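Fold and contact review
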Protein chains: 2
Amino acid sequence: MSFTYEYPRGALTVDCVVFGFDGGELKILLIQRGIAPFKGEWALPGGFVSPDESLDEAALRELEEETGLRNVFLEQLYTFGAVNRDPRERVVSVAYFALVQPDEHTTEAQTDADDARWFQISEIPELAFDHSEILKTGLKRLRGKLRYEPIGFELLPEKFTLPQLQRLYESVLGNELDKRNFRKKVLSFGLLIPLDEKRREGPHRPAQLYRFDPARYEALKNEGFLFEI
Amino acid sequence: MSFTYEYPRGALTVDCVVFGFDGGELKILLIQRGIAPFKGEWALPGGFVSPDESLDEAALRELEEETGLRNVFLEQLYTFGAVNRDPRERVVSVAYFALVQPDEHTTEAQTDADDARWFQISEIPELAFDHSEILKTGLKRLRGKLRYEPIGFELLPEKFTLPQLQRLYESVLGNELDKRNFRKKVLSFGLLIPLDEKRREGPHRPAQLYRFDPARYEALKNEGFLFEI
């Protein structure tokens, strides 16, 4: 007895929204499409899911194939299934979301991509398919998470200064924060460990370096603590 | 020029995690499968996505076809794509999530379902496919949302008492809450409008009725207010 269904079927893809922060502005990793449709245009890295791989595996594989990025923690973002989102035929895409430090990952275009490059959020070109909408959903998730979870630390180097952390928040949230309030609030959680080091940035006096305390965060979370900026 | 892809393709389904609360315990809406595989077993309502409908449309259609439930606000939950999650072949399922008041919705099994019924969370049978995992993901989302958003009010009648609200929180979170603290906290948000009515519940003295103030919640949210229980 066979259970195989006779339903007409569309194709299934994965797409990756990869955010990076290098100290200045928030960035996103895009590829230039090497094949039609939208050949030559910029798009999120992604591609078709094979029958023998899970969605997570497909996302990791496509990201590495098209951008060279490996060992990235990908989290599922949302599935996009509007009927005409792909000019070829019905294609449903499961979008993924990742945060990385661009310095730690060299990018290299491969397979179906002609180029892979980091773009500042303020300078993103028109994207192929509905990828602008997917990116918008990713930005919304990033902003939400940044307010409720200390994920900002994934985007920063291990040692960072408070001005660096503030710049990250400002660049993701898209507005300026009061230095004094930010400092007070972020230190109040007890999640930042001050180090015996300082770093000079520009013409200012050297700034204290900190590192994030993930063990303390886990402990607080288990007590029902809410991180909030 | 045709862009059609030659990739082998799996099937795509939607599944719905519908929670309800009738004052006592949290419930979930399940259907009894009328066809193989897992014929006769309980499962989440759902089915195959047609080429000419969006994922949201498919979820609404399947929910109505299999349970009679209409006019429900469905929100996308997560997409499940493990390679062997369906014994027939590769099937990826986009799960949806909804909160309803069971009293307001009559259920009626149709099409591929033999029965549609509300189950108390504590009495859920073994489910078909990976639906226990999908349900678990839905419960986790519900618990998270209940802490950060005033969604509990979607599960309650328009007028409710504080003991009713507390019972809802306890039943979703799975632990008892201190009556005094709960009352103090929930009233501190200024989101509950006391009504000129009381309701007697059991042997206790009549309890004040309240209704939720969605306009005030919207205003507070725009000011960056965080609802937290």
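Everything quoted here is computed from the prediction, not taken from an experiment.

1. Things to note about the overall build of chain A
Helix and strand content of chain A: six helices and ten strands. When burial is assessed residue by residue, chain A has 49% of its 229 residues classed as buried. The long-range fraction of contacts in chain A, counting pairs at least 24 apart against all pairs at least 6 apart in sequence, stands at 68%. In the structure as shown, chain A presents an accessible area of about 11300 Å², 46% of it carried by carbon and sulfur atoms. Put simply, chain A has 30 plus and 39 minus side-chain charges, and the middle of one group is 9 Å from the middle of the other.

2. Considerations on helix α1 (residues 55-67) of chain B
Residue and element names in this part refer to chain B. For α1, spanning 13 residues, the distance from its first C-alpha to its last is 18 Å, which sits close to the expected 18 Å at 1.5 Å a residue. Every buried residue belonging to α1 is among L55, A58, A59, E62, L63, E66 and T67, and all of these are buried. Down the axis of α1, the buried set is contained in an arc of 130 degrees. They therefore lie on one face. Just beyond α1, the residue with positive phi is G68, at close to 85 degrees.

3. Some thoughts on empty space enclosed by the protein
Taken as a whole and assessed by the stated rule, the structure comprises two cavities of 30 Å³ or more. Reported here for the largest cavity is a volume of approximately 310 Å³. In terms of lining residues, the largest cavity is bounded by 24 residues, among which G10 and A11 of chain A together with G10, A11 and L12 of chain B are the most central. For the lining of the largest cavity, the secondary structure elements donating two or more residues are β1 (11-21) of chain A together with β1 (11-21) of chain B. Across the lining of the largest cavity, the residue classes tally to 16 nonpolar, four polar and four charged. For the second largest cavity, the calculated volume is near 230 Å³.

4. Side note on the sheet that holds strand β9 (residues 192-199) of chain B
To summarise the sheet geometry, strands pair through backbone hydrogen bonds and adopt either a parallel or an antiparallel arrangement. Strand order across the open sheet formed by three strands is β8-β10-β9 (chain B), with antiparallel pairing between neighbours. Either end of the sheet is taken by a strand with one partner, and the two such strands are β8 (160-161) and β9 of chain B.

5. So, the nonpolar core
Within the largest apolar cluster, 40 residues are counted, with the highest numbers of intra-cluster contacts made by V17, F19, I28, L142, F160, L165 and L192 of chain B. In terms of nonpolar packing, the next biggest core, distinct from the first, is built from 39 residues, L44, L146, L162 and L191 of chain A among them.

Analysis parameters
- Residues numbered from 1 in each chain as written.
- Chains lettered and ligands numbered in written order.
- Predicted model: local features only at pLDDT ≥ 70, side-chain atom pairs only at ≥ 80, totals over all residues.
- Heavy atoms only, no water.
- Helix = DSSP H or I, 4+ residues; strand = E, 2+ residues; numbered from the N terminus.
- Buried < 20%, exposed > 50% of the residue type's maximum accessible area, 1.4 Å probe, protein only.
- Contact = heavy atoms within 4.5 Å.
- Areas by Shrake-Rupley, 256 points an atom, 1.4 Å probe, with all protein chains shown as cover.
- Lys, Arg positive; Asp, Glu negative; His and termini not counted.
- Charge placed at Lys NZ, Arg CZ, Asp CG, Glu CD.
- Expected span 1.5 Å × (residues − 1).
- Arc of directions from axis to C-beta.
- 1 Å grid on protein atoms, 1.4 Å probe; cavity = no way out; pocket = protein on both sides within 12 Å on 5 of 7 lines; lining within 4 Å.
- Points joined across faces, edges and corners; volume = space filled by probe spheres on them.
- Nonpolar A, V, L, I, M, F, W, Y, C, P; charged D, E, K, R; others polar.
- Pairing = 2+ DSSP bridges.
- Core = buried A, V, L, I, M, F, W, Y, C linked by side-chain atoms within 4.5 Å.

Worth remembering: the numbers are spatial, not functional.
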